[in-house]
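Fold and contact review
Take a look at the letters that make up each chain.
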Amino acid sequence: MFMKQTKVWLILTIALSLLALAACSKPESGAGEPTATTGGTAFTPKGNEGSVTGAVAYTGTPPAPKKIDTSADPACGAKNPNLTTEDNVVTNGKLANVFVYIKDGTTADGKKITEFTFPAPTTSITLDQNGCHYRPHVLGAMVNQDIQITNSDPTTHNIHFTPKSNPDWNQSQPNGAPPLMHKLARAEVLVPVKCNQHPWMKAYIGVLKHPFFAVSAEDGTYTIKGVPPGTYTVVAWHEGGATGSEQPMTVTVPANGSAKADFSFAGATASAGTPSLEMMPALEFPMLGRH
Ligand SMILES: [Cu+2]
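Residues numbered from 1 in each chain as written. Predicted model: local features only at pLDDT ≥ 70, side-chain atom pairs only at ≥ 80, totals over all residues. Heavy atoms only, no water.

Time to look at the pattern of salt bridges. Tallied over the full model, the rule gives six salt bridges. Here lysine 112 ties to aspartate 104 by a salt bridge, and the two come within 3.1 Å at their closest N and O atoms. In this structure, the salt-bridge partner of aspartate 262 is lysine 260, at a minimum N-O distance of 3.9 Å. (Salt bridge = Lys/Arg side-chain N within 4 Å of Asp/Glu carboxyl O.)

One pass over the structure, following the stated rule, counts eight aromatic pairs. Summarising the aromatic geometry, the rings of phenylalanine 161 and tryptophan 169 are spaced 5.4 Å apart at their centres and angled 75 degrees between planes, so their arrangement reads as edge-to-face. You can call tryptophan 169 buried: its relative accessible area is 16%. Among the aromatic side chains, those forming a connected cluster through ring pairs are Phe43, Phe116, Phe118 and Phe212. (Phe/Tyr/Trp six-rings, centres within 6.5 Å; stacked < 30°, edge-to-face > 60°. Buried < 20%, exposed > 50% of the residue type's maximum accessible area, 1.4 Å probe, protein only.)

For a metal with four tetrahedral donors the ideal donor-metal-donor angle is 109.5 degrees, whereas six octahedral donors ideally subtend 90 or 180 degrees. On the protein side, the copper ion has His157 (ND1), Cys195 (SG), His198 (ND1) and Met201 (SD) as donor atoms, found 2.0 to 2.6 Å from it. Donor residues binding the copper ion come from one chain and are separated in sequence as H-x37-C-x2-H-x2-M. For the pair histidine 198 and methionine 201, one class covers both residues: buried. (Donors = N, O, S within 2.8 Å, 3.2 Å for Na, K, Ca; no water.)

Look at the link from arginine 135 to proline 136: it is a cis peptide, with omega at -5 degrees. Tracing the backbone shows proline 136 in the loop between strand E8 (134–135) and strand E9 (138–142). Note that the residue after valine 189, namely leucine 190, is joined by a cis bond; omega there is -15 degrees. Of note, leucine 190 is situated in strand E14 (residues 188–195). Phi at asparagine 97 takes a positive value of approximately 65 degrees, unusual for a residue other than glycine. With relative accessibility at 15%, the residue asparagine 97 sits in the buried group. One non-glycine residue with positive phi stands out, namely asparagine 256, at about 55 degrees. Relative to the elements of secondary structure, asparagine 256 occurs in the loop between strand E19 (245–253) and strand E20 (258–260). (Helix = DSSP H or I, 4+ residues; strand = E, 2+ residues; numbered from the N terminus.)

All right, on to the sheet that holds strand E7 (residues 125–129) then. Taking strand neighbours across the sheet as the criterion, the four strands line up as E8-E7-E10-E13 in an open arrangement whose pairing is mixed. The sheet is open, and its two edges are formed by E8 and strand E13 (180–182), each paired on a single side. (Pairing = 2+ DSSP bridges.)

A general tendency of soluble globular proteins is for nonpolar side chains to be buried together. Core analysis: the largest hydrophobic core is formed by 36 residues, its most contacted members being Val52, Phe99, Val100, Tyr222, Ile224, Val227 and Phe263. The biggest single contributor to this core is strand E18 (residues 230–238), with five residues. Not counting the four nearest positions on each side in its chain, isoleucine 224 is found in contact with Gly50, Ser51, Val52, Val100, Tyr101, Phe212, Phe213 and Ala214. (Core = buried A, V, L, I, M, F, W, Y, C linked by side-chain atoms within 4.5 Å. Contact = heavy atoms within 4.5 Å.)

This part is about the pairing of E18. Within E18, seven of the nine residues are buried, which leaves the element mostly enclosed by the surrounding structure. Pairing of strand E5 (residues 99–107) with E18 involves eight bridges; the strand directions are antiparallel. Paired with threonine 106 across the two strands is threonine 231, which belongs to E18. Judged from the nine bridges that link them, E18 and E19 form a sheet pairing that is antiparallel. Looking at E19, one finds that tyrosine 232 is bridged to valine 251. Hairpin connection from E18 to E19: six residues lie between these consecutive antiparallel strands, with glycine 240 at a positive phi of about 140 degrees.

Purely geometric numbers; function is a separate question.
Now the structure itself:
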């Protein structure tokens, strides 16, 4: 009799524990809530961080930027009569708008860089619609970082994020409307952004769980700061074709030092790497991401 009761209580206790576990592991319904702090170890700088730096070259003759026909919206032509395509911004053989980021690797003390967690920055990044094109054309954001979208034009834009791992999102923003805010809960390189009013408008946002990314400037240079010493795969992404092209490179960042990673692109495809078919959910762990 006593044994029987104990058994019943035992079964009940196990059942209740399982129920409690199930409740805890339910996906969060509060979209946009910070997810960067779940799982993994919080990254703590040790004061010996270094950097990855380099320049992105464009070999050969880049295709000349094409003039964009803005006649569909006279306000665009009036404000920006010489609007041109921005897929290859080349100055003296250097390529701008290349998104360079740490995709993978291990710190000097043997920890996977992808297993650290980082809080989303409290500062927002801004994507401006100005002269009927996006400024900047390529930008990076951290998971759950606020992206502020401003309209500096005397016309209506309808910004449209078209991600693969994050929800589709679009908003109309008339002239003079307050900034829109948006954020992406999952890592994705890169999220294409378009405008439903002006089909030529394009921007790309690289979204990562860590802050180790940069975009090449007009002189092709970039610097990724605050990188813990270690050996990493650094990837340079440049738009073109359906999903852009990627070039990986292995670098070792010394303590308090700098690793150099120069890249070179040519034409529509990368000269060293191969065109990438994956719009990679970099550093994205679907199972963890659901929590
Ligand atoms: Cu627009």
